[in-house]
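Now for the letters of each chain:
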Amino acid sequence: MAEEIDYHPMWKDLGMDVEAHDGLLAAVGGMYQDVFLTQENRPKSTEYLDNVVMNIHSGRIKEMVDHKASDGQKVVGSFCLYVPEEIVRAANGIPAGLCSGADWATDKVEEHLPRNTCPLIKSFTGFKLGKVCPYIESSDLVVGENTCDGKKKAYEYFGTQKPMHIMDVPNVKNDGTMANWKAEIRRLAERVEQETGTKITAESLKEAIRVTNDKRRALQRLSATRAADPVPISGRDSLLTVQAAFMDDAERLTGAINAMADECEQRVRDGVGVAPKGTKRILYTGTPMAVPFWKLFSLIEKAGAVIVGEECCTGYRYYKDLVDESGKTVDEMLDAIAERYFNINCAIFTPNPGRIEDVMRLAKELHADGIIDCSLQFCTLYDMESFTLEKAAKEAGIPYMHISTDYSNEDAGQLSTRVEAFVEMI
Ligand code: BJ8
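If you're wondering where the values come from, they're calculated on a predicted model, not measured in any experiment.

How each quantity is defined
- Residues numbered from 1 in each chain as written.
- Predicted model: local features only at pLDDT ≥ 70, side-chain atom pairs only at ≥ 80, totals over all residues.
- Heavy atoms only, no water.
- Salt bridge = Lys/Arg side-chain N within 4 Å of Asp/Glu carboxyl O.
- Helix = DSSP H or I, 4+ residues; strand = E, 2+ residues; numbered from the N terminus.
- Buried < 20%, exposed > 50% of the residue type's maximum accessible area, 1.4 Å probe, protein only.
- Axes fitted to C-alpha atoms, helices over the stretch in contact; angles between N-to-C directions.
- Parallel < 35°, antiparallel > 145°, perpendicular 65-115°, else oblique.
- Left-handed = near helix turned anticlockwise from the far one by under 90°.
- Contact = heavy atoms within 4.5 Å.
- Nonpolar A, V, L, I, M, F, W, Y, C, P; charged D, E, K, R; others polar.
- Pairing = 2+ DSSP bridges.
- Disulfide = S-S within 2.5 Å.
- Near = heavy atom within 4 Å.
- Core = buried A, V, L, I, M, F, W, Y, C linked by side-chain atoms within 4.5 Å.
- Phe/Tyr/Trp six-rings, centres within 6.5 Å; stacked < 30°, edge-to-face > 60°.
- Lys NZ or Arg CZ within 6 Å of the ring centre and 35° of its normal.

Chemist: Explanation requested: the pattern of salt bridges in the structure shown.
Modeler: Proximity of charged atoms lets side chains of opposite charge pair with each other. One pass over the full model with this rule turns up 44 salt bridges. Across the pair Glu325 and Arg217 runs a salt bridge whose closest N-O atoms are separated by 2.9 Å. Placement of the pair is Glu325 in the loop between α15 (316-319) and α16 (330-342) and Arg217 in helix α11 (residues 202-224), with a sequence separation of 108 residues. Of the residues examined, Arg217 reaches a relative accessible area of 32% and is grouped as partly exposed. Overlapping salt bridges, with partners in common, bring together Glu207, Arg210, Asp214, Arg217, Glu251 and Glu325 in one network.

As structure tokens, this is what we get:
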């Protein structure tokens, strides 16, 4: 039997509130049990995901802390898809997505942020104030971005708690903003080099691009299997695979995703599914879903549907594009990174026709019977874009539903009723 490790001393060294953190872990464990382990016919290879969640605040953090001690690596945390992990990796840093998927220390948060702030923003502030996120506590640098108004203003307070670098992400796509974005990518590279004390070389950047592209290639493979009917893997497990991509060791996770893709490809050949053939197929689109915000995916699939794709930052947007690997110099590769990331279709851009096109194309490719578009409460960007999406879905003849929700469970019953009615209608 493997030796049980007590991680409490590590959490204490990180300055965490160990007792409150024990409560958080117990709650997440219970949710995981209910949302994931009650699924029938899961691919066997998804057991890797059970391990990821079991180690998410313990074994994985220990690996990072050990790397910091032995190889002098630095942890660079972020909250947004526009922060290129390739740059962090190339400068001998460890990229980490930071906690932002649950309500925590809300009373303390509301001493610094307005009550009607998006739950994701309140969440990361609460995780910091409550000292319950080992990713935040072990970060040497946090990279923020001026994407939505809420985030960019919240970083002013967050920056009093952690060393921060803010990236200026354009809101319009044209040649001029692309030039600014390329300069911004270089500014980030310099800041990360400063933090890690390691110069990015053509060799290290090439390798970082390859490692990250391999992870995205594996996710693309897995996603392609979801066009089949019956669908081989659930939306819940697919979501968790991308959530893990922000936290887990890149190469180990790539191996695990490829194993899932192998198994799912075999399941497709054998006609084996996680849900019966003919189950109603949903395409999810909208705001990101950080761990442990599994509420919506859980209730959609418990309503008898299966999610076949996610047009969001914890889904398709994460793996849809690779960085061009033909660059030879650091400059060429930084340009290639800038171009790849400029292509992310977040609602911060105006206009943002690329997202609508992606949603409609994915709905077709994945044979979706309906689209569920969700925005976190008080997210004006995604709420506004829902009107354009609804119109496009109507024109394409695809049933569409918009949901606005938060991290609490208060609306779970009402949401289940709405989702069940939608699934029945499509
Ligand atoms: S690239 S989606 S990760 S900005 S939900 S905090 S937008 S008020 S998360 Fe996002 Fe980057 Fe865009 Fe993706 Fe603001 Fe909206 Fe909240 Fe949001």
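Further notes follow.
Chemist: I tried to follow helix α12 (residues 235-245) on my own but got confused; where do I start?
Modeler: One turn of the α-helix equals 3.6 residues, which is why residues spaced by three or four share an orientation. With respect to burial, α12 is a largely interior element, 11 of its 11 residues being buried. Where α12 is concerned, the buried positions are Gly235, Arg236, Asp237, Ser238, Leu239, Leu240, Thr241, Val242, Gln243, Ala244 and Ala245.

Chemist: Help me out: how do you make sense of the packing of α11 against helix α13 (residues 250-270) in this one?
Modeler: Think of two packed helices as two axes; the pair is described by the angle between the axes and how far apart they sit. Where α11 meets α13, the axes come as close as 8 Å, and the angle between the chain directions of the two elements is 20°. What the angle tells us is that α11 and α13 run roughly parallel. Both α11 and α13 take part in a crossing whose hand is left-handed. Residues Arg210, Val211, Asp214, Lys215, Ala218, Leu219, Arg221 and Leu222 of α11 form the contact with α13, whose own contacting residues are Ala250, Glu251, Leu253, Thr254, Ile257, Asn258, Met260, Ala261, Asp262, Cys264 and Glu265. When its residues are assigned to classes, the contact of α11 with α13 shows 10 nonpolar, two polar and seven charged.

Chemist: Help me understand the sheet that holds strand β3 (residues 141-145) in this model?
Modeler: Sheet strands pair via backbone hydrogen bonds, and the direction of the pair is either parallel or antiparallel. Taken in spatial order, the four strands make up an open sheet running β2-β1-β3-β4, and their pairing is parallel. Whereas interior strands pair on both sides, the edge strands pair on one side only; in this sheet they are β2 (93-97) and β4 (164-167). Direction aside, neighbouring strands of the sheet carry axes that sit 25° apart on average. Summarising the sheet, strand β1 (residues 74-78) and β3 pair through three bridges and their orientation is parallel. For Val76, the partnering residue across the bridge sits in β3 and is Leu141. Contacting β3 and β4, helix α9 (residues 149-158) runs over the sheet at an angle of about 155° to β3. Relative to the sheet, helix α10 (residues 175-196) contacts β1, β2, β3 and β4, its axis offset from that of β4 by approximately 170°.

Chemist: Looking at this model, I keep getting lost on the state of the cysteines. Mind explaining?
Modeler: Two cysteines joined by a covalent bond between their sulfur atoms form a disulfide. Counted according to the given criterion, the structure contains one disulfide. In this model Cys99 forms its disulfide with Cys133; the gap between the sulfur atoms is 2.1 Å. Across the disulfide from Cys99 to Cys133, rotation about the S-S bond amounts to roughly 75°, and the bridge is consequently right-handed. Remark: Cys133 occurs in the loop between α7 (119-130) and α8 (134-138) and Cys99 occurs in the loop between β2 and α6 (106-109); sequence separation between them is 34 residues. In terms of burial, Cys99 and Cys133 fall into one category: buried. Free of any disulfide, Cys312 has its nearest neighbouring cysteine sulfur in Cys313, separated by 6.7 Å.

Chemist: Help me out: how do you make sense of the site of the ligand in this one?
Modeler: Close contacts around the ligand come from 17 residues, with Cys80, Cys148, Cys313, Cys346 and Cys379 the closest. For the shell around the ligand, the per-class residue count stands at 13 nonpolar, two polar and two charged.

Chemist: Looking at this model, I keep getting lost on the nonpolar core. Mind explaining?
Modeler: Tyr82, Ile87, Tyr135, Trp181, Trp294, Leu296 and Ile371 are the most contacted members of the largest nonpolar core, which totals 145 residues. The greatest single-element share of this core, amounting to seven residues, is contributed by α16. Leu296 has contacts with Tyr284, Met289, Cys374, Ile403 and Leu415, leaving out every residue within four places of it along the chain.

Chemist: Would you explain the packing of aromatic side chains in this entry?
Modeler: Pairs of aromatic rings are described using the distance from one ring centre to the other and the angle between the two planes. Evaluation of the coordinates by the stated rule reveals 17 aromatic pairs. Measuring from centroid to centroid gives 6.1 Å for Tyr7 and Trp11, while their planes differ by 40°, and the two rings are tilted. You can call Tyr7 buried: its relative accessible area is 15%. According to the relative accessible area criterion, Trp11 is buried, its value standing at 4%. Counting every residue linked through ring pairs, the aromatic cluster contains Phe79, Phe124, Tyr155 and Phe158. Between the NZ or CZ atom of Arg340 and the centre of the ring of Tyr341, over which it lies, the distance is 4.6 Å.

Chemist: Just checking my understanding: could you explain the sheet that holds strand β5 (residues 280-286) for this structure?
Modeler: Reading across from one edge, β6-β5-β7-β8 is the order of the four strands in this open sheet, with parallel pairing throughout. Two strands lie at the open edges of the sheet, namely β6 (305-311) and β8 (400-405), each paired on one side alone. Neighbour-to-neighbour, the strand axes of the sheet open up by a mean angle of 30°, direction not taken into account. Pairing of β5 with strand β7 (residues 370-376), which is carried by five bridges, proceeds in the parallel orientation. Looking at the pairing, Leu283 lines up with Ile371 of β7. Lying over the sheet, helix α14 (residues 295-302) contacts β5, β6, β7 and β8, oriented at roughly 145° with respect to β6. In the packing of helix α17 (residues 353-365) onto the sheet, the strands contacted are β5, β6 and β7, and the crossing angle to β5 comes to about 165°.

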